[in-house]
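Residues per chain are reported as follows:
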Amino acid sequence: MPQTHPHPDVDRVLLDEQQISDRLAEIGAQIAADYADEPPILVGVLKGAVMVMADLARQIDLSVEMDWMAVSSYGSGTKSSGVVRILKDLSGDITGRNVLIVEDIIDSGLTLKWLLSNLRSRGPKSVEIATLLRKPEAARVEIDVKYVGFDIPNEFVIGYGLDFAENYRNLPYVGVLERSVYED
Ligand code: 5GP
């Protein structure tokens, strides 16, 4: 059965399935136009970007490759540690290739800043970023994000790939987590 009622731990739904899918269709068309001559390798950042990757890739009318990286930046809390570790590296070589990082959310931007310099050191032709969500704090970090789905308020969100302590990733919408779930 599809999930039709918001989860009880969700304070409110921020973006529903239709809004997400409409926006990803727009971004996908833009990516197809921008990369028509030289399709990119999409690099999804596990685990949060799984849903975005799956849905966005299907909206890009080009023959794209997909690869994955897993990095750790958060524990099971809600604050960025600034410490990034590679848990899983790319399986392929990106030398001379157009790389498009696919992210679920940019918050402080620390994770992405680190990832950008890591990928750039491997000699790609270009590295750009597509993110479904961006929080206002990210504006203070110097990162040029080529494709942004939605700028959202500074609240902790879950669903559509995003977790809290590994839960809620399979919610089909993006919702604000009820504060009582993570505050005593
Ligand atoms: P940053 O380094 O930009 O502060 O954080 C990036 C990572 O932190 C994201 O990939 C995501 O895993 C996590 N994150 C940041 N904000 C949120 C949020 O509101 N909800 C969830 N579930 N994760 C977040």
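For the protein, an unreviewed UniProt entry supplies the name Hypoxanthine phosphoribosyltransferase and the organism Brachybacterium saurashtrense. As recorded by UniProt, the Cofactor (unreviewed entry) comment attached to the protein reads in full: "Mg(2+)". The UniProt entry for the protein carries the following comment under Sequence similarities (unreviewed entry): "Belongs to the purine/pyrimidine phosphoribosyltransferase family."

### Quick look at the pattern of salt bridges
Side-chain pairs of opposite charge can arise whenever the charged atoms involved come near each other. Summed over the entire model, instances satisfying the criterion amount to 13 salt bridges. Between E155 and R12 there is a salt bridge; the shortest N-O distance is 2.7 Å. On the criterion of sequence distance, the pair formed by E155 in the loop between β7 (147-151) and β8 (157-158) and R12 in strand β1 (residues 10-15) is long-range, its members being 143 residues apart. Classification of E155 by relative accessible area gives partly exposed; the value is 25%. For E26, the salt bridge identified is with R23, shortest N-O distance 2.7 Å. Of the two residues, E26 and R23 both sit in helix α1 (residues 17-34), three residues apart, roughly one turn of that helix. Judged by relative accessible area, E26 falls into the partly exposed class, the value being 49%. A relative accessible area of 24% means that R23 is categorised as partly exposed. What you see here is one network of salt bridges that share partners, running through K47, D163, E166 and R169.

### Examining the sheet that holds strand β3 (residues 65-72)
Ordered in space as β4-β3-β2-β5-β6-β7, the six strands form an open sheet in which the pairing is mixed. Two strands in the sheet have a free side with no partner beyond their single neighbour: β4 (85-88) and β7. Looking at each pair of strands side by side, their axes are set apart by 30° on average, direction ignored. In this structure, strand β5 (residues 98-106) lies alongside strand β6 (residues 126-134), joined through eight bridges in parallel fashion. Bridge pairing in β6 links I101 to I129. Here helix α3 (residues 110-120) sits on the sheet and contacts β2 (41-46), β3, β4, β5 and β6; the angle it forms with β5, its principal contact strand, is near 165°.

Here is what the cut-offs are and how they apply
- Residues numbered from 1 in each chain as written.
- Predicted model: local features only at pLDDT ≥ 70, side-chain atom pairs only at ≥ 80, totals over all residues.
- Heavy atoms only, no water.
- UniProt positions renumbered as here; feature names shortened; annotations may be inferred.
- Salt bridge = Lys/Arg side-chain N within 4 Å of Asp/Glu carboxyl O.
- Helix = DSSP H or I, 4+ residues; strand = E, 2+ residues; numbered from the N terminus.
- Buried < 20%, exposed > 50% of the residue type's maximum accessible area, 1.4 Å probe, protein only.
- Pairing = 2+ DSSP bridges.
- Axes fitted to C-alpha atoms, helices over the stretch in contact; angles between N-to-C directions.
- Contact = heavy atoms within 4.5 Å.

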